Every structure is written in structure tokens, then in C-alpha cells.
Amino acid sequence: MRYLILSDIHSNWEALQAVLEHARGRYDRILCCGDIVGYGADPNVCTEWARAKVHTIVRGNHDKACAGLDDLEWFNPVARTSALWTQQEVSAENIEYLRSLPKGPIEAGSFQLVHGSPLDEDDYLVNAREAAQLGGYVGASVTFFGHTHLQGGFELHRGGARRIQRTPEGADSFEVELEPDIVYLVNPGSVGQPRDGDPRAAYLLYTPARRLAEYRRVVYDIGKAQAKILGAGLPELLAWRLSQGT
Ligand code: ZN
């Protein structure tokens, strides 16, 4: 079984289409670490796609917020504006689906999916020191997570953690063979709103039989996604940041 692992699609249909085209023929099943919606201008088409195609998924904080499951008081003003816009825009069937998404961790074969961290779906795993503190609590040797929009992740060794790098700028893929006695927290990066300085859409292919994780990036039509965001009257910052990768 080969998995296509996506996270943080954020209503960016252009980025999602580019990822699916780039990964075509290289996977059997699609998994998602949450945040289908929020920020971008295409929540319905992205949610309909997820309903039809994603095999296993955990909910993200934006999925919860846009489905009315979370109060928006913790969101910054731009995120709140986009969540309120999305609530108005999304069809009843899609809201129902977003509302029904399970909380992580969710087991998927020999590994697990979470949105933020194995301990709390809303936590941000940004630095190695925070990741190291999870040693002993992770619950699976391989965990896929999202939420930070930073491709890469961490290897947990006894008493410490080391960062895994994202795909280099000059390449479109970067392979990591996962060793059996190391605990891995793997972030595929964000499809629809990368924040690691590389504006290309991010995703990951994983083949458990070979313990092979392949981090990938693909260019997409950023201008079209930006025009839709501005056309919808969403905050300009949400369009601008797509071309910055921040
Ligand atoms: Zn997100």
C-alpha cells in the first residue's frame, strides 16, 4: 500500500489539483491530517473532493471552527473573518461532513494521524525541544501531523529530537528512510498555504513496506488562487501570503 498524505488544504483548489496531478499513479490511498477549509476561496469543492476521495482523515482546528464546533475567540482577526465567510459559503452537506470529522489521533495501519500533536489536536509542534518532550507519549512509531504548515518534522531519539528538513528549494522531492527503532513525527507540509518559505504546494508519499517517506513540492497557479480570494472579498493578506510561502 502506498499512501498520499495531505494536510492543511485550506480551500485552495488550485494547489490541491496540482498535488493530485503531480502524485498521479504513485499512491493507492489518500489520508489527510486536517484543515480542508479556512483561508481559501474554494471550501465547497475541496470538501466535496475530500468526501469522495479521502480514506482516513482527522479534523483540523479550521474544520472545527468553520463547522461551528469551536468558538472563534482564539482565532486572529484574519482567520476569524475567513471562518465566518466559510460558514456562510459551505453547503449544509459539507458542514455536516466537517462536523463529523474525527478527532486525532486516528490509527491508520502501522502509523497514526493527528492534526497538531499526539497529545492535543490544537497544539503546534514547531521546534525540536517541544517534540522531544513527547517521547514516550506518542503511541506509534510513525505519526503524521500538520497544523504548523511547515514541511519536515522530527526524529525522536532517547532524550532528544532532531529536525527533518523539508524538500530543498531546487528539488521537487526528498526521500527519508524511516529507521525501525526511531520514533518519527512527520509533517507532509501544507497543500494550500505553505509557511516554510517555499510557496510551492507540499505533500508526502509514504510506503510503509519500505518505510519510505518522500517529501514533495509542486508549483501551482498561485495567481488564480489569489484572484479568487480577492474576488470573494476575503482579507488581502490571505492572497499575499500564498506567493510568499509564509
Ligand atoms: Zn492549517
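Summarised in this report is the structure supplied together with it. (Residues numbered from 1 in each chain as written. Predicted model: local features only at pLDDT ≥ 70, side-chain atom pairs only at ≥ 80, totals over all residues. Heavy atoms only, no water.)

Points about the pattern of salt bridges
How we decide: We define a salt bridge as a side-chain nitrogen of Lys or Arg found within 4 Å of a carboxyl oxygen belonging to Asp or Glu. Any residue under 20% of the maximum accessible area for its type is buried, any over 50% is exposed, and the rest in between are partly exposed; the area is computed with a 1.4 Å probe on protein chains only.
Applying the stated rule across the entire model yields 15 salt bridges. For Arg216, the salt bridge is made with Glu214, and the minimal N-O distance between the two is 3.1 Å. Residue Glu214 is classed as buried on the basis of its relative accessible area of 8%. One salt-bridge network, held together by shared partners, links Arg59, Lys64, Asp70, Glu121 and Asp122.

Quick look at the nonpolar core
Inclusion rule: Residue types Ala, Val, Leu, Ile, Met, Phe, Trp, Tyr and Cys, when buried and joined through side-chain atoms within 4.5 Å, form a set referred to as a nonpolar core. Put simply, DSSP marks the helices as runs of H or I at least four residues long and the strands as runs of E at least two long, and each gets a number from the N terminus on. In what follows, residue pairs with any heavy atoms lying within 4.5 Å of each other are defined as contacts.
Counting 48 residues, the largest nonpolar core has Leu6, Leu16, Ile36 and Trp49 as the members making the most contacts within it. Of the residues forming this core, the biggest block, six residues, is contributed by helix 1 (residues 13-22). Ignoring any residue separated from it by four or fewer positions in sequence, one finds Ile36 in contact with Ile9, His10, Ser11, Cys46, Thr47, Ala50, Ile57, Asp63, Tyr97, Leu98 and Leu101.

Some details on the coordination of the zinc ion
For clarity, the threshold we go by: Counted as donors are N, O and S atoms no farther than 2.8 Å from the metal, or 3.2 Å for Na, K and Ca; water is not among the atoms, and sites may therefore look incomplete.
Around the zinc ion, the donor atoms from the protein are Asp8 (OD), His10 (NE2), Asp35 (OD) and His149 (NE2), and they sit 2.1 to 2.4 Å away. Counting along the primary sequence, the residues that act as donors to the zinc ion give the motif D-x1-H-x24-D-x113-H. Of this pair, Asp35 sits in the loop between strand 2 (29-32) and helix 2 (43-53) while His149 sits in the loop between strand 6 (142-144) and strand 7 (152-157), placing them 114 residues apart in sequence. Overall, His149 belongs to the buried group, its relative accessible area being 1%.

A look at the packing of aromatic side chains
What counts, and what does not: The aromatic pairing rule takes the rings of Phe, Tyr and Trp, using the six-membered ring of Trp, and pairs them if the centres are within 6.5 Å, calling planes under 30 degrees apart stacked, those over 60 edge-to-face and the rest tilted. Consider the ring centre and the ring normal. A charge sits over the ring if Lys NZ or Arg CZ is within 6 Å of that centre and within 35 degrees of that normal.
As enumerated under the stated definition, the model contains six aromatic pairs in all. Ring pairs connect the aromatic residues Tyr3, Phe111, Phe144 and Tyr206, which therefore count as one cluster. The ring of Tyr39 has Arg241 lying over it, and the distance from NZ or CZ to the ring centre is 6.0 Å.

Things to note about the packing of helix 2 against helix 5 (residues 92-100)
Using the following cut-off: All axes are obtained by fitting lines to C-alpha atoms, using only the stretch in contact for helices, and the reported angles, taken between N-to-C directions, cover 0 to 180 degrees. Orientation categories follow fixed angle ranges, with anything under 35 degrees roughly parallel, anything over 145 roughly antiparallel, 65 to 115 roughly perpendicular, and all other angles oblique. Crossings are assigned a handedness: left-handed for a near helix turned anticlockwise from the far helix by less than a right angle, right-handed for a clockwise turn.
Between helix 2 and helix 5, the shortest axis-to-axis distance is 10 Å and the interhelical angle comes to 60 degrees. Relative to helix 5, helix 2 is oriented oblique. In this structure, helix 2 meets helix 5 at a crossing whose hand is left-handed. On helix 5, the residues that touch Asn44, Thr47, Glu48, Ala50 and Arg51 of helix 2 are Glu93, Asn94, Tyr97 and Leu98.

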